[in-house]
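Coordinate analysis (summary)
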Amino acid sequence: MKNVLLLCLALALCACGQNETASMEASTEKTSTTAANQDTPEYAMVIHGGAGTILKKNMTPEKEAGIREAMNAALNAGEEVLKAGGSAADAVEATIWVMEDSPHFNAGKGAVFTNAGINEMDASFMTGHDQNAGAVGGVTNLKHPISAARAVLEKSEHVLLSGKGAEAFSKLQGLETVDPKYFHTDFRWNSLQKALEGERVDQEKLEGNRIITDIDHKYGTVGCVALDKSGNIAAGTSTGGMTNKRYNRLGDSPIIGAGTYADNATCGVSCTGWGEFFIRYAVAYDVHARMAYGNASVQDAADAVINKTLVAKGGTGGLIALDAQGNVAMPFNTAGMYRGYLKAGGEREILFYEE
Ligand code: ASP
């Protein structure tokens with residue numbers, strides 16, 4: 001009996017020792033992970049709701065509160081996905097849905113009008129672990145263009161689909177369609193009327209090859225970049241483009257490398273502003289390239305492109321970027337940019353003006 005008791009005691013001590021070793025190993029592992037990524041949050045995300053002449057003096061308290069509320073709701077939708085361990089791609093799509101549903105932004109409901117008085121929307125989506133990408137241009141009846149862009153990424157062998165073809169493909173994927181009247185807002189309709197009136201008085205614009213008159217340069221495109229618990233980055237952008245656009249004009253938003261880019265090794269980017277400049281200077285890709293080849297930080301890379309390259313050429317706008325360590329950059333060279341971010345642990349900020 002005594003021998004049996006001694007044997008039990010020895011086994012118990014041995015098991016206890018093993019547990020201790022196992023838990024020591026686990027804690028060493030944890031410590032070294034934490035040491036390697038000391039400040040990396042478990043997840044993070046950043047959004048924008050467009051750049052332009054956004055000035056406090058032109059804002060009513062109601063409008064400011066409405067935009068802030070919509071941006072908070074968008075951040076909440078994305079955070080819910082990320083907190084539960086969902087993918088960055090799911091978080092980006094959920095976030096942009098909220099902004100596409102809000103009339104405050106130039107995407108989905110609230111999209112600007114073309115010269116012909118219709119709403120033609122563009123969107124793009126990219127995942128940072130595989131550089132897979134999808135985009136749609138000039139769609140008129142899809143409630144959530146961002147989902148069409150994601151469907152192109154996931155369910156087609158293409159990257160960019162346009163017009164009727166993009167709509168037919170999206171319908172086959174079961175995406176929600178709406179009567180184009182759904183996108184009408186009086187505010188955007190009035191902006192088109194102002195732009196048309198501006199053209200009537202400014203003959204120069206009619207004679208030249210200038211095809212866009214966004215007189216007040218309030219853009220309003222939406223975008224989101226998310227970093228999930230697995231370290232994956234995804235980025236998406238959705239827009240109605242620019243007021244009074246013609247000839248099926250496409251801006252940077254559906255162009256991978258111009259309006260959107262994502263690479264886990266560097267960062268995710270979503271842009272907003274005068275699309276022609278963002279295409280010409282491959283803005284989203286340039287931020288990635290400065291980090292990949294020049295070892296720049298996400299802040300330095302984003303600042304250089306927005307505040308040096310674009311400013312030197314007269315390109316107006318801004319971008320949001322998020323790297324794999326959860327660092328956020330939100331530079332703009334316009335008066336303001338609707339922007340916000342959050343990080344696991346409670347850090348959250350929403351900003352409109354130069355602060
Ligand atoms: N970049 C968009 C375009 O040119 C406009 C915007 O960002 O508001 O179509």
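Please refer to the structure placed before this passage.
For every chain, the first residue of its written sequence is number 1, and the numbers climb from 1 along that sequence. Predicted model: local features are reported for residues with pLDDT of at least 70 only, side-chain atom pairs are reported and counted for 80 or more only, and whole-chain, interface and lining totals are derived from all residues. Here the side-chain values reflect all heavy atoms present in the structure, with hydrogen atoms and water set aside.

A closer look at the sheet that holds strand 7 (residues 260-262)
Here is the rule: Two strands qualify as a pair provided that DSSP identifies no fewer than 2 bridges between them. Each helix is a run of DSSP H or I of at least 4 residues and each strand a run of E of at least 2, with the numbering of both proceeding from the N terminus. We call two residues in contact whenever any of their non-hydrogen atoms come within 4.5 Å of each other. Think of each axis as a best-fit line through the C-alpha atoms, taken over the contacting stretch in the case of a helix, with angles from 0 to 180 degrees between the N-to-C directions.
If you walk across this open sheet you meet the 4 strands as 7-8-9-10, and the pairing is antiparallel. Both outer strands of the open sheet, strand 7 and strand 10 (328-329), are each paired with one neighbouring strand and no more. Across 3 bridges, the pairing between strand 7 and strand 8 (residues 267-273) is antiparallel. Across the sheet, the residue bridging to A262 is G268, located in strand 8. Helix-sheet contacts for helix 10 (residues 298-313) involve strand 8, strand 9 (317-323) and strand 10, and the interaxial angle to strand 9 is about 165 degrees.

Examining helix 2 (residues 61-83)
As a reminder, the rule being used: One less than the residue count of a helix, multiplied by 1.5 Å, gives the span that helix is expected to have.
Between its terminal C-alpha atoms helix 2 stretches 32 Å, which fits the 33 Å expected from 23 residues at 1.5 Å a residue. Those residues of helix 2 that are buried are in contact with strand 1 (44-52), helix 3 (88-101), strand 5 (222-227), strand 11 (336-343) and strand 12 (347-353).

Observations regarding empty space enclosed by the protein
Here is the rule we go by: Using a grid of 1 Å spacing that covers the protein atoms alone, one calls a set of points a cavity when a 1.4 Å probe fits there but cannot get out, and a pocket when the set is open and has protein on both sides within 12 Å along at least five of seven lines; lining residues are those with an atom within 4 Å of a point. Grid points are joined across faces, edges and corners, and a volume is the space filled by probe spheres set on the points.
Applying the stated criterion to the full structure yields 3 cavities of 30 Å³ or more. Its boundaries defined by the atoms lining it, the largest cavity holds a volume of some 80 Å³. T221, G241, D252, S253 and G273 are, among the 12 residues lining the largest cavity, the residues nearest its centre.

Some details on helix 9 (residues 283-294)
Here is the rule: Throughout this description, buried means an accessible area under 20% of the type-specific maximum (1.4 Å probe, protein chains only), exposed means over 50%, and partly exposed covers the range between.
Under the 1.5 Å per step criterion, the end-to-end length of helix 9 is 15 Å for 12 residues, consistent within 8% with the ideal 16 Å. For helix 9, the set of buried residues is V283, A284, D286, V287, H288, A289 and M291. Residues of helix 9 that are buried in the fold lie against strand 7, strand 8, helix 8 (275-280), helix 10 and strand 9. Just beyond helix 9, the residue with positive phi is N295, at close to 60 degrees.

Regarding the pairing of strand 1
Two faces belong to every sheet, and in a regular strand the side chains alternate between them. Burial within strand 1 is extensive, with 9 of its 9 residues counted as buried. Sheet analysis places strand 1 next to strand 11, joined by 7 bridges and oriented antiparallel. Counted as the bridge partner of A44 is K343 from strand 11. Both strand 1 and strand 5 contribute to a ladder of 5 bridges, which runs antiparallel. Each residue of the ladder has a partner; that of I47, found in strand 5, is C224.

Overview of the packing of helix 9 against helix 10
Counted only if it meets this: Each angle receives one of four descriptions, namely roughly parallel if under 35 degrees, roughly antiparallel if over 145, roughly perpendicular if within 65 to 115, and oblique otherwise. Put simply, a crossing is left-handed when the front helix is turned counterclockwise from the back one by less than a right angle, and right-handed when it is turned clockwise. Gly falls in the polar group here, along with every residue not listed as nonpolar (Ala, Val, Leu, Ile, Met, Phe, Trp, Tyr, Cys, Pro) or charged (Asp, Glu, Lys, Arg).
Orientation of helix 9 relative to helix 10, taken along the N-to-C sense of each, is 135 degrees, at an axis distance of 8 Å. Judged by the angle between their axes, helix 9 and helix 10 are oblique. Considering how the two elements wind past one another, helix 9 and helix 10 form a crossing that is right-handed. Residue-level contacts link V283, D286, V287, R290 and M291 of helix 9 to V298, A301, A302, A304, V305, T309 and L310 of helix 10. Looking at the contact of helix 9 with helix 10, its residues break down into 9 nonpolar, 1 polar and 2 charged.

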